[in-house]
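A structural walkthrough
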Amino acid sequence: MRGLMMDWPLTLTTILERARRLHRKREIVSRTPLGVHRYSYGDYVERVDRLRTALAGLGVGPGDRVATFAWNSYRHFEVYFAAPCMSAVIHTLNVRLFPDQLVYIANHAQDKVVLVDATLLPLFNKIRPQLTSIQHVIVLPDDGKPVDPANGLDYEELLARSAPASDYPAIDENAAAGMCYTSGTTGNPKGVVYSHRAIVLHTMVQVGADMMGMTAKDTLLAIVPLFHANAWGLPYAAVMSGAKMVWPGAFLQPADLAPLMETERVTLVGGVPTIIGALYQYLRENKSKHDISSLGRIFVGGSACPRSLMEGFRRDFGVWISHAWGMTETTPIGTVAAIKPHLENLPPEEEVGLRLKQGLPAPFVEIRIVDESGKRLPEDGKAFGELQVRGPWIVSGYYRDPRDAESFQDGWFRTGDVANIDPEGYLQLVDRTKDVVKSGGEWISSVDLENAIMMHPQVLEAAVIGVSHPKWQERPLACVVPKPGATLTPGDIIAAIKDRFATWWLPNDVVFIEAIPKTSVGKFDKKVLRDRFKDHQWPE
Ligand code: AMP
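Residues numbered from 1 in each chain as written. Predicted model: local features only at pLDDT ≥ 70, side-chain atom pairs only at ≥ 80, totals over all residues. Heavy atoms only, no water.

For the pair helix H11 (residues 307–317) and helix H12 (residues 348–356), the least separation of the axes is 10 Å and the interaxial angle reads 115°. The handedness of the crossing between H11 and H12 comes out as right-handed. Residues Arg307, Met310 and Glu311 of H11 form the contact with H12, whose participating residues are Glu349, Val352, Gly353, Arg355 and Leu356. (Axes fitted to C-alpha atoms, helices over the stretch in contact; angles between N-to-C directions. Helix = DSSP H or I, 4+ residues; strand = E, 2+ residues; numbered from the N terminus. Left-handed = near helix turned anticlockwise from the far one by under 90°. Contact = heavy atoms within 4.5 Å.)

What follows is the structure, encoded as structure tokens:
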């Protein structure tokens, strides 16, 4: 017997319609180079409708990729709903990637249109000549200056002359709504394609009280970039619940964030440990200057939350950080560290330990750990193995990419993270199979750096490892074996590779060693190197 219910598609248009009908008066606030901009959800929806018309006028049709190259702002966020609600696909480009990667990504995704912050044009114009599929560049005039037609179309002018679209195309819930490329994997970045259904289900679960618990009463400060894993889904959750939204733009220094939190009465913040850590230090040092008493929840993910940060926020501001784990491939929420009622009154040391775990799987997400042969491991909080996940918002394949075979096992996605799961079901990450260096929530490929260093004629071998850093969590350390008789300095190594990478990719230090330790199959054994250099002192 089948249920007798409507076959109703789960698409983002439903969330946008809800905002139009119910949240018209809620505010969206953006920090821009010109100061603070504010408007209502009513204004937002109207501009989204105009943008749908404008993009259609430029030839954007179903399935076309609409790329963005922008900071977190109201204009960028207008594209977030406009593209999918006209059955196109928003593709957020990570403005922090280095040019070769951006070119690969934009060409691989075959982006048709790109919307670029005026303040990011100098960066964008460097890659522009190599973009093969872009038909229109639209400039978001965040600097308030008239747009030079040589750079592209003026976003505001386009909106002004486009009538608001009044209806939606029929959209299949499994159609693509958004795209994002993973960064820092060896080889080329991989494309993840989010369906409407995946995002809608993710949003519904995300607002749950044991997840991120967002309501119409909240004011969200999304520090996590719109170009990194859908800003963790937070903006979709805000539009569905009618939360006030605050966008920090490019102003991510604590001295900019703190006053915004105070004046807008922010209740909920999401960001990577580096930024939240810097914010914490600043707030502590300037306690009397800023009233952040409205703050109720802070979500931290992207890399492990340091104990000192978790304890410090609680001690100094009375707020527990909620730790969450996810990936670009998981839309991104996989787990959130909610505390079960019978674990609420643990001794303080144990409680912090529990909160520092990555948490419980979201409803509909299943997790397991397996050994190298793929056998499921016991969930005793001790045994650890590769973390695998499955669920309705977990990737089922990469976009036009031959690397699927190694990424899935029996219908489970192989995360590349190494973890344990305790008998209560809490996930704890212990390591990662990949050797990427995590710097401030962004990834740096150690292999790319090694390959470049090993091209130096006086270098025999090189391995790059992530070593902990007080500000950036990790920074790359290059371990180099010079050829016999070579006369090399650390500066020579950096000089040889510096034009090939973004500055923040460059190793903070270079050490010269006798040999790179190898595994039994001849691969570099970075574990040994990591142990050896775990207390490495970074140069000032
Ligand atoms: P990305 O796709 O860039 O979001 O990176 C996903 C990866 O970040 C995961 O596979 C983990 O290795 C790491 N990660 C995400 N959240 C956490 C967390 N809470 N603790 C430790 N590592 C994390």
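Attention shifts here to the site of the ligand. Every one of the 16 residues lining the ligand counts as a neighbour, but Ala324, Thr328, Gln358, Asp417 and Lys438 are closest to it. A distance of 2.7 Å is found between an oxygen atom of the ligand and a side-chain nitrogen or oxygen belonging to Thr328. Between the ligand and the protein, one listed contact pairs an oxygen atom with a side-chain N or O atom of Lys438 at 2.9 Å. The protein chains hide 95% of the 500 Å² of surface that the ligand would expose on its own. When the residues that make up the shell around the ligand are grouped by side-chain class, the tally is six nonpolar, eight polar and two charged. (Near = heavy atom within 4 Å. Polar contact = N/O pair within 3.5 Å; in protein donor to acceptor, adjacent residues only side chain to side chain. Areas by Shrake-Rupley, 256 points an atom, 1.4 Å probe, with all protein chains shown as cover. Nonpolar A, V, L, I, M, F, W, Y, C, P; charged D, E, K, R; others polar.)

Let us look at the environment of Ala452. In this fold, Ala452 is placed in helix H13 (residues 446–453). For Ala452, a relative accessible area of 8% gives the class buried. Once the C-alpha coordinates of Ala452 and Ile497 are considered, the two residues, 45 residues apart in sequence, prove to be 6.2 Å apart. Among all residues touching Ala452, those that are not within four sequence positions of it are Ile497, Arg500 and Phe501. (Buried < 20%, exposed > 50% of the residue type's maximum accessible area, 1.4 Å probe, protein only.)

A word on helix H8 (residues 234–241). Here H8 lies mainly inside the structure; eight of its eight residues are buried. Those residues of H8 not exposed but buried are Leu234, Pro235, Tyr236, Ala237, Ala238, Val239, Met240 and Ser241. Of the residues flanking the end of H8, it is Gly242, one or two places downstream, whose phi is positive at about 85°.

Attention now moves to the pattern of salt bridges. The tally for this structure, following the rule as stated, stands at 31 salt bridges. For the salt bridge of Glu173 with Arg197, the shortest nitrogen-to-oxygen distance reads 3.6 Å. With Glu173 in the loop between helix H6 (155–160) and strand S8 (176–181) and Arg197 in helix H7 (residues 196–206), this pair connects stretches of sequence that are 24 residues apart. We classify Arg197 as partly exposed; its relative accessible area is 30%. Linked through salt bridges whose partners overlap, the residues forming this network are Glu17, Arg20, Arg21, Asp49 and Arg52. (Salt bridge = Lys/Arg side-chain N within 4 Å of Asp/Glu carboxyl O.)

With that settled, consider the pairing of strand S14 (residues 321–326). Of all the six residues making up S14, five are buried; the element is thus mostly covered by neighbouring parts of the structure. Two elements, strand S13 (residues 297–300) and S14, share three bridges in a ladder whose sense is parallel. Within S14, the position partnered with Ile298 by the bridge is Ile321. Bridge count between S14 and strand S15 (residues 333–336): three bridges; the pairing is antiparallel. Across the sheet, the residue bridging to Gly326 is Ile333, located in S15. Turn length for the S14-S15 hairpin, with the two strands adjacent in sequence and antiparallel, is six residues, and the turn residue Thr331 shows positive phi of about 70°. (Pairing = 2+ DSSP bridges.)

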